[in-house]
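Single-letter residue listing:
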Amino acid sequence: MAKKIKILNIAGSPVYIGQSALEELRYNLNTIFASKETFFILVDENTDKHCYPQLVAIVPQIEKAYKIVVPSGEENKTLTTCEQVWNQMAVAGANRKSLLINLGGGMISDLGGFAASVYHRGMQYVNIPTSLMSMIDASIGGKTGVDLYSLKNQIGLFAPPAAVYIWPSFLATLPHRQLLSGYAEMMKHALIADADFWRKLISMPMAVISNWDDYILEAIRIKSDIVNRDPYEEGERRLLNFGHTLGHAFETYSLRNDKSAITHGEAVAMGMICEAYISYRVAGLSHTGRDELVKHLLLNFNHYKIPVEAIDELVEITNYDKKNRKGHAMMTLLRDIGQAVEGQQIEPAMIRESLFRYTNFSESAQ
Ligand code: GLY
């Protein structure tokens, strides 16, 4: 039987995608990583329970790796958790010739990638993403980091993984809400760069998709093309931030105010609704394009309700956005479905207007 694998090079890292990806890891551990002195595997409580046994069944060498378990959830993507990881690595004798294997969603690859990249001035790490969001976005492209209090990804660095192994079968372990979170990023990839992919996505509800392999590959190709042209986000890579200025504001607001915070994807979906409104007002997105985007986002995601009084806090949070320049909010906006433009300076009054519109939003009338 032919090997079911695609190999892409993204920002210097080989990315193995498909049903044979873990077999590739098994082979690589005996070849390109054979000289490593010690192996560590970072998991959270969920991936320890649901994914680690599946990984060991295909890659038995993993059992010899020292396992570090951290609590699940974005609220634990902190320097405090990093310190616990560093402590355990130090006690177990990690050095620059060790390898860290990150098994998990975006929280694990962001945190583990950061922890490895600064440990002893840098040890190698590989990512094995287990969530859709991580497969198509967080685990590839070399962005690593942690949150500072509730502010997203304020501490981190670009540090490409030594390799990424994407095994779509892990998605069967994923709760529907987490799958949906990744789907928001997939919709974003389509919206910024590929109108045909967008049409394919909206042609049926997400719940009907059973074979994710082709969708994952298409979404990764979009990110790969962009990141390979601009690995350090000096320009074009900012296109991937559509929906993220207000998405991060919603996510931070929710981490601060809700008992159970919304997911990254839910926040990005709401961010895209607001930024589609701004795109319509200032970047040329048509009324029809905006309404189509909003309709299809709300077919998949619940409208996250916030009181009008929250607008000040949300606008204030955007002041800490890493994309800001000279104190001004900079956004990626849509000119059309499948066509985005980065580096748009947006005044607080326009952000406020989009949020005001959003709070008054009723699903039937945009
Ligand atoms: N998640 C956006 C990026 O990797 O640039």
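Residues numbered from 1 in each chain as written. Predicted model: local features only at pLDDT ≥ 70, side-chain atom pairs only at ≥ 80, totals over all residues. Heavy atoms only, no water.

Asks: How should the site of the ligand be read in this particular structure?
Replies: Neighbouring residues of the ligand: Asp137, Lys143, Lys223, Glu233, Arg237 and Leu240. At a separation of 3.0 Å, a nitrogen atom of the ligand approaches a polar side-chain atom of Asp137. With respect to the ligand, the side chain of Lys143 contributes an N or O atom lying 2.9 Å from an oxygen atom. Taking 200 Å² as the accessible area of the ligand by itself, protein coverage stands at 89%. Here the residues of the shell around the ligand sort into 1 nonpolar, no polar and 5 charged. (Near = heavy atom within 4 Å. Polar contact = N/O pair within 3.5 Å; in protein donor to acceptor, adjacent residues only side chain to side chain. Areas by Shrake-Rupley, 256 points an atom, 1.4 Å probe, with all protein chains shown as cover. Nonpolar A, V, L, I, M, F, W, Y, C, P; charged D, E, K, R; others polar.)

Asks: Would you mind showing me how to read the environment of Lys305 here?
Replies: Examined against the element boundaries, Lys305 turns out to sit in the loop between helix H12 (287-300) and helix H13 (310-318). When the C-alpha atoms of Lys305 and Asn28 are compared, they prove to be 47 Å apart, with 277 residues separating the residues in sequence. (Helix = DSSP H or I, 4+ residues; strand = E, 2+ residues; numbered from the N terminus.)

Asks: Sorry if this is basic, but what is going on with a nonpolar patch on the surface here?
Replies: A cluster of nonpolar side chains, Leu79, Leu148 and Tyr149, forms an exposed patch at the surface whose accessible area comes to about 330 Å². Structurally, Leu79 can be placed in helix H4 (residues 79-91). Residue Leu79 is classed as partly exposed on the basis of its relative accessible area of 35%. (Patch = residues over 30% accessible without salt bridge, like charges linked within 9 Å, V, L, I, M, F, W, Y side chains within 5 Å. Salt bridge = Lys/Arg side-chain N within 4 Å of Asp/Glu carboxyl O. Buried < 20%, exposed > 50% of the residue type's maximum accessible area, 1.4 Å probe, protein only.)

Asks: Sorry if this is basic, but what is going on with the side chain of Asp137 here?
Replies: When you line up the elements, Asp137 lands in helix H6 (residues 132-138). Residue contacts for Asp137: discarding those within four places in its chain leaves Glu185, Lys188, His189 and Lys223. (Contact = heavy atoms within 4.5 Å.)

Asks: Mind showing me how you'd approach the pattern of salt bridges here?
Replies: Side chains carrying opposite charge are able to pair once their charged atoms draw close together. For the structure on display, the rule yields 18 salt bridges. Of the charged contacts in the structure, one is a salt bridge between Lys77 and Asp110, with a shortest N-O distance of 2.7 Å. Pair noted here: Lys77 is in the loop between strand E4 (66-70) and H4 and Asp110 is in helix H5 (residues 106-118), with a separation of 33 residues, a long-range link. On the basis of relative accessible area, Lys77 is assigned to the buried category, the value being 1%. Looking at Asp110, the relative accessible area reads 12%, which means it is buried. Where Glu218 meets Lys200, a salt bridge forms, and the shortest distance between an N and an O atom there is 2.7 Å. In this pair, Glu218 is assigned in helix H9 (residues 213-229) and Lys200 in helix H8 (residues 195-202), connecting sequence segments 18 residues apart. Among the residues examined, Glu218 registers a relative accessible area of 27% and is labelled partly exposed. Taken together, the shared-partner salt bridges in this structure form one network comprising Glu74, Lys77, Asp110, Asp147, Lys152 and Glu251.

Asks: Looking at this model, I keep getting lost on the pairing of strand E1 (residues 6-10). Mind explaining?
Replies: Across 5 bridges, E1 lies against strand E2 (residues 13-17) in antiparallel orientation. What sits directly across from Leu8, in E2, is Val15. (Pairing = 2+ DSSP bridges.)

Asks: Is there a simple way to explain the nonpolar core in this structure?
Replies: Soluble globular proteins: nonpolar side chains tend toward being buried together. Leu55, Tyr165, Met186, Trp212, Ile216 and Phe250 are the most contacted members of the largest nonpolar core, which has 107 residues in total. Ignoring anything within four residues of it in the chain, the contact list for Ile216 reads Ile17, Leu132, Met135, Ile136, Ile166, Pro168, Leu171 and Met186. Core analysis: the next-biggest nonpolar cluster, separate from the first, contains 19 residues, Val85, Met107, Ala115 and Ala116 among them. (Core = buried A, V, L, I, M, F, W, Y, C linked by side-chain atoms within 4.5 Å.)

Asks: In this structure, what is going on with the environment of Thr130? I would like to understand it.
Replies: On the secondary structure map, Thr130 appears in the loop between strand E6 (124-129) and H6. Given a relative accessible area of 3%, Thr130 falls into the buried group. Taking the C-alpha atoms as reference points, Thr130 and Pro71, 59 residues apart in sequence, are found 16 Å from one another. Not counting chain neighbours up to four residues away, the residues in contact with Thr130 comprise Thr47, Cys51, Leu103, Gly104, Gly105, Met135, Phe170, Leu171 and Leu174. Side-chain polar atoms of Thr130 contact the backbone nitrogen of Gly105, separated by 3.5 Å.

Asks: It is not clear to me how the packing of aromatic side chains should be interpreted in this structure. Could you clarify?
Replies: Aromatic ring pairs are described here by two measures, namely the spacing of the ring centres and the angle between the planes. The full count for this structure, using the stated rule, is 10 aromatic pairs. Ring centres of Tyr16 and Tyr165 lie 5.1 Å apart, and the angle between their planes is 10°; on these two criteria the pair is classed as stacked. Pair noted here: Tyr16 is in strand E2 and Tyr165 is in strand E9 (residues 163-166), with a separation of 149 residues, a long-range link. The exposure class of Tyr16 is buried, given its relative accessible area of 8%. (Phe/Tyr/Trp six-rings, centres within 6.5 Å; stacked < 30°, edge-to-face > 60°.)

Asks: Please explain the sheet that holds E6 as it appears in this structure.
Replies: Within a sheet, each strand pairs with its neighbour through backbone hydrogen bonds, oriented either parallel or antiparallel. With respect to topology, 7 strands assemble into an open sheet ordered E1-E2-E9-E6-E5-E3-E4, the strand pairing being mixed. The sheet is open, and its two borders are formed by E1 and E4, each paired with just one other strand. Between one strand axis and the next, the sheet turns by 20° as a mean value, whatever way the strands run. Relative to strand E5 (residues 98-104), strand E3 (residues 38-44) runs parallel, the two sharing 5 bridges. Note on E5: the bridge partner recorded for Phe39 is Leu99. Helix-sheet contacts for H4 involve E3, E4 and E5, and the interaxial angle to E4 is about 160°. Those strands touched by H9 are E1, E2 and E9, and its axis lies near 25° from that of E1. (Axes fitted to C-alpha atoms, helices over the stretch in contact; angles between N-to-C directions.)

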